[in-house]
Amino acid sequence: MQPWPDDLPLFAPVERCIYCGARERKLTDEHIVPYGLYGRSVLPAASCRECADIINREIEEPLMRGSLLAIRQFFNMPTRKRNKPRPTHQNVTLRTREGVERTVRVPIDKAPTYVFGFSLPVAGYLAGRPEVEEIYVRGEAVCTNPSVTREAAKAAEGEALKLLEIDQQAYMRFLAKIAHGFTVGFAGVDAFEHRLPPLILGRQAQGRSPNVSATHLIGWDYLPEEPFVADDMRMAYVPLLYGTGTVHTIRLRLFGRFGMPAYLIVAGPGVACSA
Ligand SMILES: [Zn+2]
């Protein structure tokens, strides 16, 4: 697995929480992409403890230890806990015809591994749809080790193999967090209206209601040029001309080698600068 590009710039300290705007609280460095997914880009002094805790507890921990765990182990992705030995086994869930589930421990090289993504329409913001919508989102998953999975299915002996449980809401918030951080880094914290933080924090900004749907800001990357090497995890910052102004967007692709979708994520409209 190719890591993120080496040539990402060093971002300047933000000196403000990029999620809630707090300046007075103690600010910590923000890892835009988790270290456990090879992320190396950091926004210095960019998140307060309160927001970092929400993101860690509600987004990153559940994903890194849940639906992204197997794929991280498959690709031998880094772990923060250097002294802790890497896990050698993984839980696989089996389900009988009667619907009873049981979990067995299997060696990691015998565990089915999947990457996943979501087929989305173009972000509602760009397509002119309402802020709140109910849209059917199709999940996509690709097995990275078919022969191992066939063996595991055979060993399941009549029981069904439960392959993957995806927390869609956490994954959408995760994509939003990456896009927001990169936009702050590339465009500057004051260059755009921050539309993603309420989605990232799972809490609505004051004076705005109701909750904006994730599909309003996160959607299919319809841009014609394909700047990504297919087997990389890649991102690109793209200010789009939209109406009479600019909208700041991030193109993001994870697990492109397996054909997982590329996303175009709206961080927010540009703030007109007075000269
Ligand atoms: Zn904050």
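What you see is a predicted model; the values in this text were computed from it and never measured.

Things to note about the overall build of the protein chain
Okay, step 1: When helices and strands are tallied, the protein chain shows seven helices and 11 strands.
Okay, step 2: A buried classification covers 33% of the 275 residues belonging to the protein chain.
Okay, step 3: Intrachain contacts of the protein chain at a sequence separation of at least 6 include 67% that bridge at least 24 residues.

Here's the deal with the sheet that holds strand β11 (residues 262–269)
Backbone-to-backbone hydrogen bonds pair the strands of a sheet. The strands run either parallel or antiparallel.
Okay, step 1: Across the sheet, four strands lie side by side as β8-β11-β10-β9; this open sheet has antiparallel pairing. The strands lining the two open edges of the sheet, one partner per strand, are β8 (218–220) and β9 (234–242). Averaged over all adjacent pairs, the angle separating strand axes in this sheet is 30 degrees, with direction ignored.
Okay, step 2: As defined by bridge partners, strand β10 (residues 245–253) adjoins β11 across seven bridges and the pair is classed as antiparallel. Each bridged residue has a counterpart across the sheet, and for His248 the counterpart in β11 is Gly268.

Quick look at the packing of helix α1 (residues 49–65) against helix α5 (residues 168–187)
A pair of packed helices is characterised by two quantities: the angle between their axes and the separation of those axes.
Okay, step 1: Where α1 meets α5, the closest approach of the two axes is 9 Å, and the angle between their N-to-C directions is 110 degrees. Between α1 and α5, the interaxial angle falls into the category roughly perpendicular. Contacts between α1 and α5 involve Ile55, Glu58, Ile59, Pro62 and Leu63 on the former and, on the latter, Ala170, Tyr171, Arg173, Phe174 and Lys177.
Okay, step 2: The class makeup of the residues in the contact of α1 with α5 is seven nonpolar, no polar and three charged.

A short note on unusual backbone geometry
Okay, step 1: At Glu15, a position not held by glycine, the phi torsion is positive, near 65 degrees.
Okay, step 2: Along the chain, Glu15 falls in the segment before β1 (27–31).
Okay, step 3: If you check the backbone angles, Phe255 has positive phi at about 60 degrees while not being a glycine.
Okay, step 4: By the secondary structure assignment, Phe255 is in the loop between β10 and β11.
Okay, step 5: By the C-beta count within 10 Å, which is 21 here, Phe255 ends up buried.

Notes on α1
Okay, step 1: Along its length, α1 shows its largest kink, about 45 degrees, at Asn56.
Okay, step 2: Listed in full, the buried residues belonging to α1 are Cys51, Ile55, Ile59, Glu60, Leu63 and Met64.
Okay, step 3: Where α1 is buried, its residues meet β2 (42–48), α2 (69–74), α5 and α6 (197–201).

Examining the environment of Ala52
Okay, step 1: Mapped onto the secondary structure, Ala52 falls in helix α1.
Okay, step 2: For the pair formed by Ala52 and Leu201, sequence separation is 149 residues and the distance between their alpha carbons is 9.4 Å.
Okay, step 3: Residues within four places of Ala52 in sequence aside, it is in contact with Thr28 and Ser47.

Observations concerning the nonpolar core
Okay, step 1: Core analysis: the largest hydrophobic core is formed by 61 residues, its most contacted members being Leu175, Ala176, Ala179, Leu217, Ile218, Leu252 and Ile265.
Okay, step 2: Here the element with the most residues in this core is α5; it accounts for nine residues.
Okay, step 3: Beyond its immediate sequence surroundings of up to four residues, Leu217 is in contact with Ala123, Tyr125, Ala176, Arg195, Leu196, Leu199, Val212, Ile265 and Val266.

Let's talk about the sheet that holds strand β7 (residues 160–162)
Okay, step 1: Read across the sheet, three strands follow the order β4-β3-β7 without closing on themselves; strand pairing throughout is antiparallel. Taken across any chain shown, the strands that pair with only one partner, and hence form the sheet edges, are β4 (101–107) and β7. Taking the axes of each pair of neighbouring strands and ignoring which way they run, one obtains an average angle of 40 degrees across the sheet.
Okay, step 2: By the bridge criterion, three bridges tie strand β3 (residues 89–95) to β7 in an arrangement that is antiparallel. Bridge pairing in β7 links Arg95 to Ala160.

A look at the pairing of β9
Okay, step 1: As defined by bridge partners, β9 adjoins β10 across nine bridges and the pair is classed as antiparallel. Pairing of Tyr237 across the sheet is with Ile250, part of β10.
Okay, step 2: Connecting β9 to the next strand, β10, in antiparallel fashion are two residues, including Gly243 with a positive phi near 60 degrees.

Focus on the environment of Ala152
Okay, step 1: Along the polypeptide, Ala152 turns up in helix α4 (residues 146–155).
Okay, step 2: Ala152 gets classed as partly exposed once you count the C-beta atoms within 10 Å, which come to 19.
Okay, step 3: Separated by 60 residues in sequence, Ala152 and Val92 have C-alpha atoms that sit 9.3 Å apart.
Okay, step 4: Contact partners of Ala152, with chain neighbours within four places excluded, come to Val92, Lys110, Pro112 and Leu161.

Cut-offs and rules
Residues numbered from 1 in each chain as written. Predicted model: local features only at pLDDT ≥ 70, side-chain atom pairs only at ≥ 80, totals over all residues. Helix = DSSP H or I, 4+ residues; strand = E, 2+ residues; numbered from the N terminus. Buried ≥ 20, exposed ≤ 12 C-beta atoms within 10 Å, placed from the backbone. Contact = placed C-beta atoms within 7 Å. Pairing = 2+ DSSP bridges. Axes fitted to C-alpha atoms, helices over the stretch in contact; angles between N-to-C directions. Parallel < 35°, antiparallel > 145°, perpendicular 65-115°, else oblique. Nonpolar A, V, L, I, M, F, W, Y, C, P; charged D, E, K, R; others polar. Bend = angle between axes of the 7 residues up to and from the residue. Core = buried A, V, L, I, M, F, W, Y, C linked by C-beta atoms within 7 Å.

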